[in-house]
Amino acid sequence: MTEQAPIVIVGTGLSGYSLAREMRKLDKEQPIVMVTADDGVSYSKPMLSTGFTKGKDADGLAQASTDTMAEQLNIELRTFATVTGIDTEAKALLLGEERLEYSKLVLAWGADVIRLSIDGDGFEHVFSINDLMDYRAFRKALAGGKRVAIMGAGLIGCEFANDLRNGGYEVDVIAPSDVVMPGLLPEPAAAAVQHELENLGARFHLETVVERIDRAEQGVSLTLANGEVVHADLVISAVGLRPRTELAHAAGIETGRGITVNRALETSAQDVYALGDCAEVDGHVLLYVLPLMACARALAKTLAGERTEVKYGTMPVMIKTPCCPTAVCPPAPEADGEWHVEAEGSDVKALFRSPEGEVLGFAVTGRFAVEKQALSKEVPPIHQ
Ligand code: FAD
């Protein structure tokens, strides 16, 4: 390895670009190479589920071109360059036949969408939206269409349901759970969001799954396990994400649900770090923006020579269902306590209290949503 090998960041999502920005606050000259499998355009992924509400298409959601990013951050940017392997002994990335040496390597390569294997011949009408290029393809395919079926009633499925209704599309949501956003929202808050989405015109088909997707004269028909048939022009698959671990695992780097890192974002391999959707940080896989920003700030300091551990604090999640404003700060999975609920129609305030009365988590909807800041101050941080 040469002495001049740069710091290499793989991924130009919010994790990669946030890290590069934080690094440049501390060191303007350190050579940085960023490598990405996509077009490298800078955008805010959470905004993908707000396009119709905000009247923006894929171009409107783009924030900066690759040229602008390369110039602003003083980096070398390699787009449409897919990493195929890591040689941790030789400190080199493999890009097909090419080897790219690094002094330090940061994996910020996100999570893969889970793709269901469903019978039928309509699969070219099924879209997963996990980056701006996916969104561009979806909007192009939607032109002229009127009806969208969404598989999955999690945060992303519900946000797209609200956004597409705001865009005037017919929306059917199909999911195996009996409530929306199971595992994220307590039942009364979930019921409030579902109720308001239904008021907005979204149709829910819960406790069932899609068994077949077949081409129809126009679009596709989805056959559900409960016998219903749903007609749609396009289908969004929003059934979950899985941190990208395979290449790291193949390189001998420790992985669990994500790429295993400690609070200094160090993997088990020398000089290799990870953050964002691909990382399992001190046991936590958190596919949200606030954790990755905290990680980017800490890791920038470490890379500048001051080893720094990330502190997460309390990180509420805002759910972008404007028909029912919602914020949630889930209690830790192992937390001891129970939900205490105050509800009036779709205005729900649910507090998860310990036996001693301490607030360990909350979910607020409707008019209670404004209390999120005050409640966040009561909830203990993830890392003390
Ligand atoms: P990504 O943005 O996925 O970036 C991964 C990068 O790695 C890409 O550049 C990709 O091309 C590159 N890459 C992958 N594999 C390779 C390879 N082999 N070689 C080279 N490059 C590679 N979070 C919130 O906190 N609040 C919200 O309201 C919210 N809303 C959301 C709405 C939607 C629709 C979605 C999809 C997510 C939302 N999230 C939200 C989650 C949040 O957006 C993500 O946690 C975050 O954007 C992840 O960023 P990342 O940089 O880690 O990964």
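Residues numbered from 1 in each chain as written. Predicted model: local features only at pLDDT ≥ 70, side-chain atom pairs only at ≥ 80, totals over all residues. Heavy atoms only, no water.

Chemist: Sorry, what's going on with the sheet that holds strand S11 (residues 126-127) here?
Modeler: Strand pairing in a sheet relies on backbone hydrogen bonds. The paired strands run either parallel or antiparallel. The sheet built from five strands is open, its strands ordered S11-S18-S12-S13-S14 with parallel pairing. At either margin of the open sheet sits one strand with a lone partner, and together these are S11 and strand S14 (203-206). Direction of pairing for strand S12 (residues 147-151) relative to strand S18 (residues 234-237): parallel, over a ladder of four bridges. In the sheet register, valine 148 faces S18, and the bridge partner there is leucine 234. Against the sheet, helix H5 (residues 132-142) makes contact with S11, S12 and S18, and its axis sits at roughly 160 degrees relative to S18, the strand it touches most. (Pairing = 2+ DSSP bridges. Helix = DSSP H or I, 4+ residues; strand = E, 2+ residues; numbered from the N terminus. Contact = heavy atoms within 4.5 Å. Axes fitted to C-alpha atoms, helices over the stretch in contact; angles between N-to-C directions.)

Chemist: Got a minute to help me understand the pattern of salt bridges in this structure?
Modeler: Any two side chains of opposite charge can pair, so long as their charged atoms come close to each other. In this structure the tally under the stated criterion is 18 salt bridges. A salt bridge links glutamate 98 to arginine 78, with the nearest nitrogen and oxygen atoms 2.8 Å apart. In this pair, glutamate 98 sits in strand S8 (residues 98-101) while arginine 78 sits in strand S5 (residues 76-78), placing the two residues 20 residues apart along the sequence. Here glutamate 98 falls in the partly exposed class, since its relative accessible area comes to 34%. When its relative accessible area of 22% is taken as the criterion, arginine 78 is described as partly exposed. As a salt-bridge pair, arginine 203 and glutamate 170 come within 3.1 Å of each other at their nearest N and O atoms. Of the two residues, arginine 203 sits in strand S14 while glutamate 170 sits in strand S13 (residues 170-175), which places them 33 residues apart along the sequence. Here arginine 203 falls in the partly exposed class, since its relative accessible area comes to 38%. If you follow the salt bridges from partner to partner, you end up with Lys91, Lys104 and Asp271 in one network. (Salt bridge = Lys/Arg side-chain N within 4 Å of Asp/Glu carboxyl O. Buried < 20%, exposed > 50% of the residue type's maximum accessible area, 1.4 Å probe, protein only.)

Chemist: How should I be thinking about the domain arrangement of the protein chain in this particular structure?
Modeler: Interface size is commonly expressed as the accessible area that is lost once the parts come together. According to the domain assignment, the protein chain contains domain 1 (7-112 + 242-303), domain 2 (115-237) and domain 3 (325-378). Taking the mean C-alpha position of each, domain 1 and domain 3 sit 33 Å from one another. (Domains from an automatic or database assignment.)

Chemist: How do you make sense of the site of the ligand when you look at a structure like this?
Modeler: In the vicinity of the ligand, 33 residues are found, and the nearest of them are Ser15, Val83, Asp277, Val289 and Lys320. Between the ligand and the protein, one listed contact pairs an oxygen atom with a side-chain N or O atom of threonine 36 at 2.9 Å. Tyrosine 288 is positioned with one of its backbone polar atoms (N or O) 3.4 Å from an oxygen atom of the ligand. For the ligand, whose free accessible area comes to 1,000 Å², the fraction covered by protein is 92%. Of all elements in the fold, only helix H1 (14-26), helix H6 (155-166) and helix H9 (289-303) reach the threshold of two or more residues within the shell around the ligand. Counting residues per element, the shell around the ligand draws most heavily on H6, at three residues. Residue composition of the shell around the ligand, grouped by class: 17 nonpolar, 10 polar and six charged. Lining the shell around the ligand are residues from two domains, each supplying at least three of them: domain 1 (7-112 + 242-303) and domain 2 (115-237). (Near = heavy atom within 4 Å. Polar contact = N/O pair within 3.5 Å; in protein donor to acceptor, adjacent residues only side chain to side chain. Areas by Shrake-Rupley, 256 points an atom, 1.4 Å probe, with all protein chains shown as cover. Nonpolar A, V, L, I, M, F, W, Y, C, P; charged D, E, K, R; others polar.)

Chemist: What is the right way to read the nonpolar core from this model?
Modeler: One finds Leu19 and Leu107 to be the most contacted residues of the largest nonpolar core, which totals 53 residues. Here this core gets seven residues from one element, more than from any other, and that element is H9. Judged by nonpolar contacts, the second largest core, of 47 residues, contains Leu132, Cys158, Ala161 and Leu184. (Core = buried A, V, L, I, M, F, W, Y, C linked by side-chain atoms within 4.5 Å.)

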